[in-house]
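Here's the letter readout for the chains.
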Amino acid sequence: MGRLFVAAVLLFVAGCSGGGSAVPGGSKIDALLAKAPVYTGQVTPGSAVDRIKKRGRLLIGGSQDAPLLSQLDPVTGELTGFDAYLGKLLAHYLVGKADTEVLSATSETREPLLANGTVDVIIQTYTITPQRAERVSFAGPYYESGQAIAVRKGTSGIAKPADLAGKTVIVGANTPGVKAVRDAAPTAKIVEFGSDPECLTALKQGRGEAYVQDQAILVADASKDSELQLVGEPFTEDPYGIGIKHGDAEFTKVVNDWLREIGKSGVWQDVWKQTIGTVVTGDAPAPPAIAS
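Going along each chain's sequence as written, the residues are numbered from 1 onward. In keeping with the model being predicted, local features are shown solely for residues with a pLDDT of at least 70 and side-chain atom pairs are shown and tallied solely at 80 or more, while totals for entire chains, interfaces and linings include all residues. Only hydrogens and water are removed before side-chain values are computed, so all heavy atoms of the structure are retained for them.

**Things to note about the sheet that holds strand β9 (residues 168-172)**
Part 1: If DSSP finds at least two bridges between two strands, the strands pair. Note on conventions: DSSP H or I runs of at least 4 residues are helices, E runs of at least 2 residues are strands, and numbering of each starts at the N terminus. Judged by pairing direction, the sheet is mixed, and its five strands sit side by side in the order β10-β9-β11-β8-β12 without closing on themselves. The sheet is open, and its two edges are formed by β10 (189-193) and β12 (228-231), each paired on a single side. Taken pair by pair, the neighbouring strands of this sheet meet at an average axis angle of 35°, ignoring direction.
Part 2: Examined bridge by bridge, β9 and β10 share five bridges and lie parallel to one another. Of the residues in β10, the one forming a bridge with valine 171 is glutamate 192.
Part 3: With respect to the sheet, helix α7 (residues 176-184) is in contact with β8 (147-152), β9, β10 and β11 (210-214), its orientation differing from that of β9 by roughly 150°.
Part 4: Across the sheet, helix α9 (residues 215-222) touches β8, β11 and β12, and the angle it forms with β11 is around 120°. The axes are straight lines fitted to the C-alpha atoms, using for helices just the contacting stretch, and the angles between their N-to-C directions are given from 0 to 180°. Between two residues, a contact is recorded if the distance between any of their heavy atoms is within 4.5 Å.

**A look at the confidence of the model for the protein**
Part 1: pLDDT gives the predictor's per-residue confidence on a scale running from 0 to 100. Confidence along the protein averages 88 in pLDDT terms, with 89% of residues attaining 70 or more.
Part 2: Of all helices and strands in the protein, the one with the weakest mean pLDDT is helix α1 (residues 2-14) (39), whereas helix α3 (residues 48-55) scores best (98).
Part 3: Confidence over residues 1-26 falls short of pLDDT 50; this stretch has 57 contacts with residues more than four positions distant or in other chains.

**A few points about the side chain of glutamine 124**
Part 1: Turning to its location among the elements, glutamine 124 is positioned in strand β6 (residues 121-127).
Part 2: Within polar-contact distance, the side chain of glutamine 124 engages the side chain of serine 63 at 2.7 Å. Here a polar contact means two N or O atoms within 3.5 Å. Within protein one must be a hydrogen donor candidate and the other an acceptor candidate, and residues neighboring in sequence count only if both atoms are side-chain atoms.

**Digging into the packing of aromatic side chains**
Part 1: When the centres of two rings from Phe, Tyr and Trp lie within 6.5 Å, Trp using its six-membered ring, the rings pair. Their planes under 30 degrees apart give stacked, over 60 give edge-to-face, and anything left gives tilted. By the definition in use, this model includes eight aromatic pairs.
Part 2: Relative to tyrosine 142, the ring of phenylalanine 82 lies with its centre 6.2 Å away and its plane at 20°, an arrangement referred to as stacked. Taken as a pair, phenylalanine 82 in helix α4 (residues 82-95) and tyrosine 142 in strand β7 (residues 136-145) lie far apart in primary sequence, 60 residues in all. Considered together, phenylalanine 82 and tyrosine 142 belong to a single accessibility category, that of buried residues. Three labels apply to residues, based on accessible area from a 1.4 Å probe with only protein chains included: buried if under 20% of the type maximum, exposed if over 50%, partly exposed otherwise in between.

**What to know about the pattern of salt bridges**
Part 1: The term salt bridge refers to a side-chain nitrogen of Lys or Arg lying within 4 Å of a carboxyl oxygen of Asp or Glu. With the rule as written, the count across this model stands at 14 salt bridges.
Part 2: A salt bridge links arginine 135 to glutamate 111; the nearest nitrogen and oxygen atoms lie 2.7 Å apart. Here the residue arginine 135 occupies a position in the loop between α6 (130-133) and β7, and glutamate 111 occupies one in helix α5 (residues 110-115), the gap between them amounting to 24 residues.
Part 3: In this structure, glutamate 227 and lysine 204 form a salt bridge, with 3.9 Å as the shortest nitrogen-oxygen distance. Of this pair, glutamate 227 sits in the loop between α9 and β12 while lysine 204 sits in helix α8 (residues 196-204); the two residues are 23 residues apart in sequence, bridging distant segments of the chain.
Part 4: Using a relative accessible area of 44% as the deciding quantity, one classes glutamate 227 as partly exposed.
Part 5: We classify lysine 204 as partly exposed; its relative accessible area is 40%.
Part 6: Bridged by salt links that share partners, the residues Arg57, Lys97, Asp99 and Glu101 form one connected network.

**Focus on the pairing of β8**
Part 1: Counting buried positions along β8 gives five out of six residues, so the element sits mostly inside the fold.
Part 2: Two elements, β8 and β11, share four bridges in a ladder whose sense is antiparallel. Each residue of the ladder has a partner; that of isoleucine 149, found in β11, is valine 212.
Part 3: By the bridge criterion, four bridges tie β8 to β12 in an arrangement that is antiparallel. Each residue of the ladder has a partner; that of isoleucine 149, found in β12, is valine 231.

**Concerning helix α11 (residues 267-274)**
Part 1: For α11, a buried count of seven out of eight residues is recorded, marking the element as mostly surrounded by other parts of the structure.
Part 2: Those residues of α11 that sit buried are Val267, Trp268, Gln269, Asp270, Val271, Trp272 and Gln274.
Part 3: Buried positions along α11 lie against α2 (29-35), α4, β7 and α10 (249-265).

**Description of α9**
Part 1: With eight of eight residues buried, α9 lies mostly within the body of the structure.
Part 2: Every buried residue belonging to α9 is among Gln215, Ala216, Ile217, Leu218, Val219, Ala220, Asp221 and Ala222, and all of these are buried.

**Some remarks on the pairing of β7**
Part 1: Taking burial as the measure, the ten residues of β7 include nine buried ones, the bulk of the element.
Part 2: Pairing geometry for β7 and strand β13 (residues 238-245), over seven bridges, is antiparallel. Counterpart to tyrosine 143 in the pairing with β13 is tyrosine 240.

**Examining empty space enclosed by the protein**
Part 1: A pocket here means an open set of points on a 1 Å grid, computed over the protein atoms alone, that has protein on both sides within 12 Å along at least five of seven lines. A cavity is instead a set of points where a 1.4 Å probe fits but cannot get out; residues with an atom within 4 Å of a point line either one. Grid points are joined across faces, edges and corners, and a volume is the space filled by probe spheres set on the points. Taken as a whole, this structure holds two cavities of 30 Å³ or more when the rule is applied.
Part 2: The wall of the largest cavity is formed by Ile60, Gly62, Ser63, Ser70, Leu79, Asp83, Ala84, Gly87, Lys88, Thr100, Val102 and Ile123.
Part 3: Mapped by element, the contributors of at least two residues to the lining of the largest cavity are β1 (58-62), α4 and β5 (100-104).
Part 4: When its volume is computed, the second largest cavity comes out at roughly 30 Å³.
Part 5: Secondary structure elements with two or more residues in the lining of the second largest cavity: β7 and α10.
Part 6: A total of three residues in the lining of the second largest cavity trace back to one element, the largest contributor, which is α10.
Part 7: Each residue is assigned to one class: nonpolar for Ala, Val, Leu, Ile, Met, Phe, Trp, Tyr, Cys and Pro, charged for Asp, Glu, Lys and Arg, and polar for all the others, Gly among them. Residue classes in the lining of the second largest cavity are distributed as eight nonpolar, one polar and no charged.

Set out below in structure tokens:
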């Protein structure tokens, strides 16, 4: 899916004026909820599902500034985007209504938020890695992306991962971009920042010559920033998972079952069409296979 996605995305970015966000309004969630499933299984007393149902709200670690993924609409006050809508659909599944509270998380705070019970799940382009799986349980994957390269428009000499050799490269702290750059260009100087907006600011200030991040995040960034340019194709395969407190096998299974259900029913594809699909031509891709 990644290569087909990026080909369409590069066409979009090439013609992008850098104007307003392409994220649809929050009212679009109503059509999704009309088709969305609701959990009918048994609820174990004291389990995560039990706690969420009694609270009546799903607590999510996520973002409010990621166009196409999870962005606060200043007009409606609603969070819109692929991750945001999945969060609302998961809440609807668990408590019968799309009641969510999204707490801002960074790559450095996601795991502590889960471990101390501040949030129930992380839905935030959270790439599944063996290292993270030692500290977090993952449902999914629910989407597949890959690490890609962005530069300031007009930058020359960087067209592929090997060109990062000897360059100063910006990455998000504690993200797969760190390893991706080290593997592709061992002589690159890596500079880490805590969030995507910080990384973008650093790139535009010239504190690095390139920025390596998940392609889906960079696409969203480029859709609203004419100074940003994507180069080449994704050079890794990164599956996004829903983060769950480590060791909670029961809740992980519940969320995996939900992901399978919305994938088979077409709801997942509808979410894609209303968010990422608004800037990518063609039919919705097939959702990734969910781990057993």
